[in-house]
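Understanding the architecture of this molecule
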Amino acid sequence: MPRKKKKPINLKDKLKQRKETITNFYVNRLSQVSDDPQKVWELTKDPTNMFRTNEEELTNILAELDRRVLVGEIDPEVRTKIIQGINYK
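Residues numbered from 1 in each chain as written. Predicted model: local features only at pLDDT ≥ 70, side-chain atom pairs only at ≥ 80, totals over all residues. Heavy atoms only, no water.

Examining the overall build of the protein
Rule in force here: Secondary structure elements are defined from DSSP: runs of H or I of at least 4 residues count as helices, runs of E of at least 2 residues count as strands, and each element is numbered from the N terminus. Only protein chains enter the calculation, and the probe is 1.4 Å; a residue is then buried if its accessible area is under 20% of its type maximum, exposed if over 50%, and partly exposed in between. Per-residue accessibility takes into account occlusion by the displayed protein chains alone, with areas from the Shrake-Rupley method and a 1.4 Å probe. Asp and Glu count as negative and Lys and Arg as positive, but His and the ends of the chain are not part of the count. Note that the charge is assigned to NZ on lysines, CZ on arginines, CG on aspartates and CD on glutamates.
Check the secondary structure of the protein and you find four helices and zero strands. For the protein, the α and β elements follow one another from N to C terminus as α-α-α-α. Residues classed as buried in the protein amount to 27% of the 89 residues present. Accessible area of the protein: about 7100 Å², with a carbon and sulfur share of 53%. Positive and negative side-chain charges of the protein, numbering 19 and 14 respectively, have mean locations separated by a distance of 13 Å.

Overview of the packing of aromatic side chains
Threshold: Whether two aromatic rings pair depends on their centres lying within 6.5 Å, for rings of Phe, Tyr and Trp, where Trp uses its six-membered ring; planes under 30 degrees apart make the pair stacked, over 60 edge-to-face, and the rest tilted.
In total, this model carries one aromatic pair according to the counting rule given. Aromatic pair F25 and Y26: ring centres 5.3 Å apart, planes at 75°, arrangement edge-to-face. Looking at F25, the relative accessible area reads 48%, which means it is partly exposed.

As for the pattern of salt bridges
Rule in force here: For salt bridges, the criterion is a side-chain nitrogen of Lys or Arg within 4 Å of an Asp or Glu carboxyl oxygen.
Summed over the entire model, instances satisfying the criterion amount to six salt bridges. A salt bridge links R67 to E64; the shortest N-O distance between them is 2.8 Å. With R67 and E64 both in helix α3 (residues 55-71), this residue pair falls three residues apart, about one helical turn. Its relative accessible area of 15% is what places E64 among the buried residues. With its nearest N and O atoms 3.8 Å apart, the salt bridge here joins R68 to E73. The exposure class of R68 is buried, given its relative accessible area of 9%. A single salt-bridge network, built from bridges that share partners, covers E64, R67, R68 and E73.

Considering the environment of L11
Within the secondary structure, L11 sits in helix α1 (residues 11-32). Spatially, the C-alpha atom of L11 lies 37 Å from that of K89, the residues being 78 residues apart in sequence.

Some points on the nonpolar core
What counts here: We define the nonpolar core as a collection of buried residues of types Ala, Val, Leu, Ile, Met, Phe, Trp, Tyr and Cys that are connected through side-chain atoms lying within 4.5 Å of one another. Note on definitions: a residue-residue contact is assigned when non-hydrogen atoms from the two residues lie within 4.5 Å.
Judged by nonpolar contacts, the single largest core of 14 residues is most densely connected at L30, V40, I61, L65 and I82. Breaking this core down by element, the ones donating at least two residues are α1, α2 (37-44), α3 and α4 (76-86). Here the element with the most residues in this core is α1; it accounts for four residues. V40 has contacts with L30, V33, S34, I82, G85 and I86, leaving out every residue within four places of it along the chain.

From the geometry alone we can't say anything about function, so treat these as descriptive.
Spelled out as structure tokens, the structure:
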């Protein structure tokens, strides 16, 4: 039997999926620790954290937070606490 040809990987789709995964991870994690501004700052801006977010990721996270508040998945207070935590120091 002849082998099937492998489908080419669409790198743009893979990159978009990866960005969405990172954004969703940060939104969920920040929602969990929103009561502790120090922890929020450490996750997003701490220079010693090698997984900190860059400006593009931060913009995507804030946009996703806004969307989730509009849909009603997240309480507006949680969004406010996260923003205060990001600007903690």
